[in-house]
Structures are given as structure tokens and as C-alpha cells.
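# Breakdown of the fold
What follows is the residue order along each chain.
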Amino acid sequence: MATTLGVTETYGLSDDKVRDFKEAFDYFSEQEGLYEELFTKNLATHLSDMGYEATAAELAQFRLSCDATATGKYSFDGFLKVISKILKTGDMEDVLKQAFRIFDKEGTGSISTDVVRDIMREADPNMSKEEIEQIITETDADGSGEVDFEEFKEMMMGD
């Protein structure tokens with residue numbers, strides 16, 4: 001599925017994670033008025049918005065990873081490289097908390113399964129209704145119609 005999102009390398013991330021991070025990337029891209037790329041100078045802000053505060057040394061390393069030719073912009077592939085490095089350091093829970101807060105617009109501590117469906121449809125328009133429903137069923141194991149942070153984290157991390 002990841003190749004349908006324009007990437008051929010997933011850096012060890014599952015297709016579901018790639019779809020979810022594509023949603024965040026597209027959100028940032030829209031905010032910057034760009035299409036399918038982001039400004040490298042805003043990398044620290046993008047990471048901060050996702051709940052990850054990178055050190056100056058990390059930022060330098062991340063900038064090299066996502067914009068190796070110093071164009072001033074980076075693609076979704078570069079974004080995935082950075083995210084995979086963060087995930088490997090184990091600091092991703094903070095990133096997921098921030099992403100969850102973005103979707104929990106009312107601040108209730110949960111997001112409806114309808115919101116999860118919308119996120120999944122937008123992230124991958126080719127995903128079938130059956131695939132979406134299977135993920136919803138697995139994520140909302142208690143059948144409450146709501147996904148709390150722990151369920152969201154499990155869905156994103158594949159634990």
C-alpha cells in the first residue's frame with residue numbers, strides 16, 4: 001500500500017503508519033501552501049507540532065536526512081526518513097500524543113471511529129471499506145465508537 005502513496009521505501013514503518021504520517025505531512029503541506037513538499041526551514045516546527053522537540057544536533061541530522069541536496073524543501077519520503085529515526089529512538093509517544101490532540105478537536109480524550117474512518121479515507125482513497133472496518137474493529141476493541149489515546153497509539157504503533 002505504501003507505494004500507492006508515492007513512496008517505495010517505508011523505512012521499516014507499516015503501511016498503516018505510512019498512511020497516518022502522510023495525513024500529517026499533507027496537513028503541514030497545505031498549511032505552507034505547497035503541494036507534496038515542505039520547507040526544510042520549518043522542520044523544527046513540524047516536529048514540535050507533532051509533540052517532538054528536537055535538539056539542535058538532531059535537527060542538523062534530520063535536515064541532512066530529508067533534504068540531502070539542500071534545496072530548502074523536502075518530500076514525504078524525507079519526512080518518513082525523519083519520523084523513522086524518531087521512532088527508533090523511542091520518543092514517538094510524544095509525537096502520537098500531539099497528533100491525537102489534533103484529531104480530538106473537542107478535547108474529550110477520544111476521537112470517534114467516524115473521524116478515524118475519515119482520516120483513513122483521506123490518507124488512502126484506495127483503501128476498501130472492508131479494510132477500514134477491519135482496522136476500526138481492531139482499534140475499537142471495546143466497541144464504544146470512540147478511540148482513546150491508548151487505542152490510537154496501538155493502531156499507530158501496531159503493538
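Our subject is the structure that appears above.
These notes cover the structure that comes with them. (Residues numbered from 1 in each chain as written. Predicted model: local features only at pLDDT ≥ 70, side-chain atom pairs only at ≥ 80, totals over all residues. Heavy atoms only, no water.)

This next bit is on the side chain of Asp-140. Looking at the element boundaries, Asp-140 is found in the loop between helix H7 (129-139) and strand E4 (146-148). Notably, Asp-140 is buried but unbridged: the nearest opposite-charge side chain belongs to Arg-117, and the N-O separation is 7.4 Å. A polar side-chain atom of Asp-140 sits 3.2 Å from the main-chain amide nitrogen of Ser-144. Residue contacts for Asp-140: discarding those within four places in its chain leaves Thr-113, Gly-145, Glu-146 and Glu-151. (Helix = DSSP H or I, 4+ residues; strand = E, 2+ residues; numbered from the N terminus. Buried < 20%, exposed > 50% of the residue type's maximum accessible area, 1.4 Å probe, protein only. Lys, Arg positive; Asp, Glu negative; His and termini not counted. Salt bridge = Lys/Arg side-chain N within 4 Å of Asp/Glu carboxyl O. Polar contact = N/O pair within 3.5 Å; in protein donor to acceptor, adjacent residues only side chain to side chain. Contact = heavy atoms within 4.5 Å.)

Before going further, it helps to examine the nonpolar core. Phe-21, Leu-47, Met-50, Phe-79 and Ile-83 are the most contacted members of the largest nonpolar core, which has 23 residues in total. Those elements that provide at least two residues to this core are helix H1 (15-31), helix H2 (43-49), helix H3 (56-66) and helix H4 (76-89). Counting residues per element, this core draws most heavily on H4, which supplies seven residues. Sequence-distant contacts of Leu-47, that is, excluding residues within four places in its chain, are made with Tyr-52, Ala-54, Leu-59, Phe-62, Val-82, Ile-83 and Ile-86. Residues Phe-100, Ile-119, Ile-135 and Ile-136 belong to the second largest nonpolar core, which totals 17 residues. (Core = buried A, V, L, I, M, F, W, Y, C linked by side-chain atoms within 4.5 Å.)

Structural measurements only, silent on function.
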